[in-house]
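Each chain is listed here by its residues.
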Amino acid sequence: MLWNNRVFVRMFAAYSLSTLGDWFDFIAVTMLLGYVWQADPMLMALLPLVYAGPGLVLGQVAGFLADRRNKLRLMIATDLCRALLTAAAVFAPDPAWLFGVMLLRSCAMAVNAPAQQALTRHVVPPEQLLRAASLNGTAYQLGKLLGPLLGGTMAAFVSPSACLIVNACSFLLSAAILSSAGNVEEARPAAAAQEERSGFGESWKEGWRILIRSRVLFASTLYSLIALMAVQLVDAQFVVILREKAPAHPELLGWKTSAIGLGALLTVTGLGRFREITAYGWVLGGGVLLIGGAFAWLGLYRPGSGIHWLLIAAFLAGVGTGLTSVGSAYLRQKETPKEAIGRVMGIFDSLTSAIFIAAPLLGGLLITAWGASLSFQRIGFLIAAIGAAGILLQRVIWGRRRTEAASVQVSAE
């Protein structure tokens, strides 16, 4: 039983704490820039670059470190670094100082993520990987639901700095919990031990070879990146479409976030009941199809039709998000060799970071050229088509023989 896994339980507790703290942090940074320092739109546009940039630059180096070094110690060290840097952000006198600190902290995060994924693969048996991915997804979605609510309340009634202090404490507690796991033995195959004697360049090339030669990994990575690129074109423009469709209801922005979080939370919790995914097209393609349908729904919505339709669309987008997030995390854990998961995760993180930087900028240009409604319609239908292709062509994409609708096997627990 997964809850009897001493190392995973501590990793899960640490991840849950740091995730909740991250949402407190996000609220604090947003309020400091937007309300305290009255930052202009161009300055606000730099924030995604600060968060995603280090992943683009350091992702593959971090993956190499995760495969070569003690993963638990890497996680503890990066948590301590993030705690120190978050505490330094409390004393930021201006946006330049804050951005500098956030940039350094994102570097630590770029190292932490592959180490966590690699350690999970080492300490969780294959038949429990889906359950582990679902639990981590549940923790993330709960943090997404509770963090902005609690963080926004604290920032409004105390100060944004108080939210930063909470996040710094969450990183310290996370490091303390991970330290209590003791020594974690990592079984290393003879081939992996021999590979460790090679340098970074050869090890990096081997990570790419593993990704490219595995049909499932390569096809899934390519499919996920295409879908993510399409989604990110308009994902950051929700405020624009809601402002256009329901200008008298500014509260919809917060309600939308909660509806997405609720849909994702219910989905990842439900997936935790199953043992494994046997047909990736139904989960990944189905999730992308729901997200695309929800975006197109928002674009087609007529003002005055009832705001509950907007919330239903957001809920469906959340269901799709839950399917794709857990499905892709499980797939990478399941299909990647233990000794290479850090490098494969680092490659994936660097590629997704590039998309998180480029796609919103392109999406902004499309919104300006087409308008919000038409952009959401066209891009929504494009995303839905990518999802439908994942379902209909899953044997071509993933080379799987089983494509029945029953894409998961129920656990015998």
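A few points on the structure. All values reported here derive from a predicted model rather than from experimental measurement. (Residues numbered from 1 in each chain as written. Predicted model: local features only at pLDDT ≥ 70, side-chain atom pairs only at ≥ 80, totals over all residues. Heavy atoms only, no water.)

**Considering the overall build of the protein**
A tally of regular secondary structure across the protein gives 17 helices and two strands. In terms of overall size, the protein behaves like a compact globule, its C-alpha atoms giving a radius of gyration of 21 Å where 413 residues would be expected to give roughly 22 Å. Principal-axis analysis of the C-alpha atoms places the extent of the protein at approximately 65 × 55 × 40 Å. Residue burial in the protein is summarised as follows: out of 413 residues, 52% are buried. Accessible area for the protein stands at about 18,300 Å²; split by element, carbon and sulfur atoms hold 68% of it. (Helix = DSSP H or I, 4+ residues; strand = E, 2+ residues; numbered from the N terminus. Rg over C-alpha atoms; globule rule 2.2 N^0.38 Å. Buried < 20%, exposed > 50% of the residue type's maximum accessible area, 1.4 Å probe, protein only. Areas by Shrake-Rupley, 256 points an atom, 1.4 Å probe, with all protein chains shown as cover.)

**Quick notes on empty space enclosed by the protein**
Under the criterion given, the structure shown has four cavities of 30 Å³ or more. Approximately 40 Å³ is the volume found for the second largest cavity. Together, Phe 238, Leu 242, Leu 252, Lys 256, Leu 298, Leu 310, Leu 311 and Ala 314 line the second largest cavity. Mapped onto the lining of the second largest cavity, the elements with two or more residues apiece are helix H11 (238-245), helix H12 (252-271) and helix H14 (307-335). (1 Å grid on protein atoms, 1.4 Å probe; cavity = no way out; pocket = protein on both sides within 12 Å on 5 of 7 lines; lining within 4 Å. Points joined across faces, edges and corners; volume = space filled by probe spheres on them.)

**Looking at the state of the cysteines**
Per the counting criterion, the structure on display carries zero disulfides. Counting only cysteine sulfurs, Cys 107 is the nearest neighbor of Cys 81, a cysteine outside any disulfide, at a range of 10 Å. A relative accessible area of 41% means that Cys 81 is categorised as partly exposed. Just so you know, Cys 163 is unpaired, no disulfide at all, and the nearest cysteine sulfur is the one on Cys 169, 12 Å from it. In this structure Cys 163 comes out as buried when scored by relative accessible area, which is 0%. (Disulfide = S-S within 2.5 Å.)

**Some details on the packing of helix H1 (residues 6-36) against helix H7 (residues 160-179)**
The axes of two packed helices give the description: the angle between them and the distance between them. Interaxial distance between H1 and H7 falls to 8 Å at its minimum, and their mutual angle equals 165°. With respect to their mutual orientation, H1 and H7 come out roughly antiparallel. At the point where H1 passes H7, the crossing takes the left-handed sense. Of the residues assigned to the contact of H1 with H7, the class counts are 16 nonpolar, five polar and three charged. (Axes fitted to C-alpha atoms, helices over the stretch in contact; angles between N-to-C directions. Parallel < 35°, antiparallel > 145°, perpendicular 65-115°, else oblique. Left-handed = near helix turned anticlockwise from the far one by under 90°. Nonpolar A, V, L, I, M, F, W, Y, C, P; charged D, E, K, R; others polar.)

**Examining the environment of Ser 180**
Tracing the backbone through its elements, the reader meets Ser 180 in the loop between H7 and helix H8 (190-195). Each C-alpha atom of the pair Ser 180 and Ala 259 lies 36 Å from the other, and the pair is 79 residues apart in sequence. Discounting chain neighbours no more than four positions away, the residues touching Ser 180 are Arg 6 and Arg 10. (Contact = heavy atoms within 4.5 Å.)

**Re helix H13 (residues 280-300)**
End to end, H13 covers 30 Å across 21 residues, agreeing with the expected 30 Å (1.5 Å per residue, within 8%). The buried fraction of H13 is high, at 15 of 21 residues. (Expected span 1.5 Å × (residues − 1).)

**Here's the deal with the packing of aromatic side chains**
Under the counting rule described, the total for this entry stands at seven aromatic pairs. Between Phe 8 and Phe 12, the ring centres sit 6.2 Å apart and the planes meet at 20°, which makes this aromatic pair stacked. Within this pair, Phe 8 and its partner Phe 12 are both found in helix H1, separated by four residues, close to a single helical turn. In this structure, Phe 8 and Phe 12 share a single accessibility class: buried. One aromatic cluster is present, formed by Trp 3, Phe 8 and Phe 12 through successive ring pairs. The side chain of Arg 273 reaches across the aromatic face of Phe 274, ending 5.3 Å from its centre. Here the guanidinium or amino end of Arg 378 rests over the ring plane of Trp 370, the centre of that ring lying 4.7 Å away. (Phe/Tyr/Trp six-rings, centres within 6.5 Å; stacked < 30°, edge-to-face > 60°. Lys NZ or Arg CZ within 6 Å of the ring centre and 35° of its normal.)

**With respect to the nonpolar core**
The biggest cluster of nonpolar side chains holds 88 residues, and the ones touching the most others in it are Tyr 280, Phe 295 and Trp 398. The element best represented in this core is helix H10 (residues 215-235), accounting for 11 residues. Trp 398 has contacts with Arg 215, Val 216, Ala 219, Ser 220, Tyr 223, Tyr 280, Gly 281, Leu 284, Leu 331 and Gly 390, leaving out every residue within four places of it along the chain. (Core = buried A, V, L, I, M, F, W, Y, C linked by side-chain atoms within 4.5 Å.)

**Some remarks on a nonpolar patch on the surface**
There is a patch of nonpolar side chains on the surface, built from Leu 142, Leu 146, Leu 149 and Leu 150 and spanning about 350 Å² of accessible area. For Leu 150, the location among the structural elements is in helix H6 (residues 129-157). (Patch = residues over 30% accessible without salt bridge, like charges linked within 9 Å, V, L, I, M, F, W, Y side chains within 5 Å. Salt bridge = Lys/Arg side-chain N within 4 Å of Asp/Glu carboxyl O.)

**Things to note about H10**
Taking 1.5 Å of rise per residue, 21 residues should cover 30 Å, and H10 covers 29 Å from first to last C-alpha, within 8% of that figure. With 15 of 21 residues buried, H10 is to be regarded as a mostly interior element.

**With respect to the pattern of salt bridges**
Counted by the stated rule, this structure contains five salt bridges. Among the ionic pairs, Arg 209 bridges to Glu 202, the shortest N-O distance being 2.7 Å. The network of salt bridges with shared partners includes Glu 202, Glu 206 and Arg 209.

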